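Letter by letter, the chains look like this.
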Amino acid sequence: MGARLDGTVAVVTGASSGIGEATARALAGEGARVALLARRRDRLEALAGELGGEASVHEVDVADDDAVARAIEDVVARHGRLDVLVNNAGYGSMSPATESALSEWRTMVDVNVTGVLATTHAALGHLQRAATGERGIADVVTVSSVAGRKVAGPAVNVYAATKHAVGAFSEALRQELGADHVRVGLVEPGLVRSELTEGGDLARQAEAELELGLMEAADIADAIVYMVTRPRRMAVNEILVRPTEQTR
Ligand SMILES: NC(=O)c1ccc[n+]([C@@H]2O[C@H](COP(=O)([O-])OP(=O)(O)OC[C@H]3O[C@@H](n4cnc5c(N)ncnc54)[C@H](OP(=O)(O)O)[C@@H]3O)[C@@H](O)[C@H]2O)c1
């Protein structure tokens, strides 16, 4: 199959590990020039080296609005356009409310909500412009979670709240931007093997119980590539994926 994203530029936040890294690889495999955003520059540089000269590295904390705005401007200055934004950077810590530190809750809100808002805000004008070009379409994909659909237990409290929030934001954005041919999609994974789940109680328990195991980051990257490579008449608004045996 030919490279379906030839000529496009994609920003992936949280590209230094897990789902973001796999997504950057997959989008580059489809011909996109990828801009890699995260805090760990060494990891981004290693990935960019692997992907070839077209990938760019942008060290940024998505919770810092000004830094995010500068990073998106750098991307457009370097590559000339922006067709696909993947809001993937995220953080989760799960414990009962009575045992949680407020600072942990704040970090989840800062990264999972404010980070998505800041990145989307900075990218929107560029995406609208790209959609008026020859390809005629642009995409915002946000990586939410099953926890953005339902609250599977008390310990997912604030993580679930942040993912519900980006779900609501995405739906409003979808309603606003359809006429501009900017598609807005949400990917809602169940348990995926990554640094986020490594060592977590939920994942450890699932790993022990599920014969087929957790999903891999590349599985979620597949879902994202599916979304952004559809014909321009078709928008995949939402993809919910779980490990086959995950019940909640
Ligand atoms: N793993 C799962 O089971 C699962 C399930 C559902 C949804 N998700 C969602 O999937 C997304 C990716 O998670 P993952 O599983 O791939 O975990 P991961 O391997 O821990 O990746 C998280 C990524 O987010 C980046 N990040 C975190 N805080 C950041 C900040 N302040 N500024 C910039 N980048 C930041 C990290 O990069 P740096 O540390 O280098 O900044 C890293 O690249 C998250 O939104 C998560 O909520 C994961």
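Check the entry above for the structure.
Remember, predicted model here, so these are calculated numbers, not experimental data. (Residues numbered from 1 in each chain as written. Predicted model: local features only at pLDDT ≥ 70, side-chain atom pairs only at ≥ 80, totals over all residues. Heavy atoms only, no water.)

Student: Where do I start with the packing of helix 1 (residues 18-29) against helix 2 (residues 41-51) in this structure?
Tutor: To characterise two packed helices, one gives the angle between the axes of the helices and the distance between these axes. Running from amino to carboxyl end, helix 1 crosses helix 2 at an angle of 20°, the nearest separation of the two axes being 11 Å. In terms of axis orientation, helix 1 runs roughly parallel to helix 2. In the packing of helix 1 onto helix 2, the handedness of the crossing is right-handed. On the side of helix 1, the interface is formed by Glu21, Ala24, Arg25 and Ala28, while helix 2 contributes Arg43, Leu47, Glu50 and Leu51. Looking at the contact of helix 1 with helix 2, its residues break down into four nonpolar, no polar and four charged. (Axes fitted to C-alpha atoms, helices over the stretch in contact; angles between N-to-C directions. Helix = DSSP H or I, 4+ residues; strand = E, 2+ residues; numbered from the N terminus. Parallel < 35°, antiparallel > 145°, perpendicular 65-115°, else oblique. Left-handed = near helix turned anticlockwise from the far one by under 90°. Contact = heavy atoms within 4.5 Å. Nonpolar A, V, L, I, M, F, W, Y, C, P; charged D, E, K, R; others polar.)

Student: Looking at this model, I keep getting lost on the pattern of salt bridges. Mind explaining?
Tutor: A side chain of one charge can pair with a side chain of the opposite charge if their charged atoms are brought near each other. Under the defined criterion, the tally for this structure stands at 14 salt bridges. Residue Arg25 is joined to Glu21 by a salt bridge in which the shortest nitrogen-to-oxygen separation is 2.4 Å. Here the residue Arg25 and the residue Glu21 both occupy positions in helix 1, the gap between them amounting to four residues, near one helical turn. A salt bridge links Glu195 to Arg40, with the shortest nitrogen-to-oxygen separation between them at 3.1 Å. With a gap of 155 residues between them, Glu195 in the loop between strand 6 (182-189) and helix 6 (201-209) and Arg40 in the loop between strand 2 (33-38) and helix 2 connect regions that are remote in the sequence. (Salt bridge = Lys/Arg side-chain N within 4 Å of Asp/Glu carboxyl O.)

Student: Mind showing me how you'd approach the side chain of Lys163 here?
Tutor: Its place among the elements puts Lys163 in helix 5 (residues 157-177). For the buried residue Lys163, which engages in no salt bridge, the nearest side chain bearing the opposite charge is Glu188, 10 Å off. When near neighbours in sequence (up to four residues on either side) are disregarded, Lys163 contacts Asn112, Val143, Ser144, Ser145, Ala147 and Gly148. (Buried < 20%, exposed > 50% of the residue type's maximum accessible area, 1.4 Å probe, protein only. Lys, Arg positive; Asp, Glu negative; His and termini not counted.)

Student: Mind showing me how you'd approach helix 5 here?
Tutor: Along an α-helix, residues three or four positions apart point the same way, because every turn accommodates 3.6 residues. The end-to-end C-alpha distance of helix 5, which contains 21 residues, comes to 30 Å, matching closely the 30 Å that a straight helix rising 1.5 Å per residue would cover. Considering only its buried residues, helix 5 is in contact with helix 4 (102-131), strand 5 (138-143) and strand 6. (Expected span 1.5 Å × (residues − 1).)

Student: I tried to follow the environment of Ala3 on my own but got confused; where do I start?
Tutor: By the secondary structure assignment, Ala3 is in the segment before strand 1 (9-13). Note on Ala3: relative accessible area 35%, which makes it partly exposed. Distance in space between the C-alpha atoms of Ala3 and Thr197 is 32 Å, their sequence separation being 194 residues. If we ignore the near neighbours within four places in the chain, the residues touching Ala3 are Glu30 and Gly31.

Student: What should I look at first to understand the packing of helix 4 against helix 5 in this one?
Tutor: Close contact between helix 4 and helix 5 brings their axes to 8 Å; oriented N to C, the two are set at 15°. Between helix 4 and helix 5, the interaxial angle falls into the category roughly parallel. The chirality of how helix 4 crosses helix 5 is right-handed. Within the contact between the two elements, helix 4 uses Trp105, Met108, Val109, Asn112, Val113, Val116, Leu117, Thr120, Leu124 and Gln128 and helix 5 uses Asn157, Val158, Tyr159, Thr162, Lys163, Ala165, Val166, Phe169, Leu173 and Leu177. Residues of the contact of helix 4 with helix 5, tallied by class, amount to 14 nonpolar, five polar and one charged.

None of this, on its own, says anything about what the molecule does.
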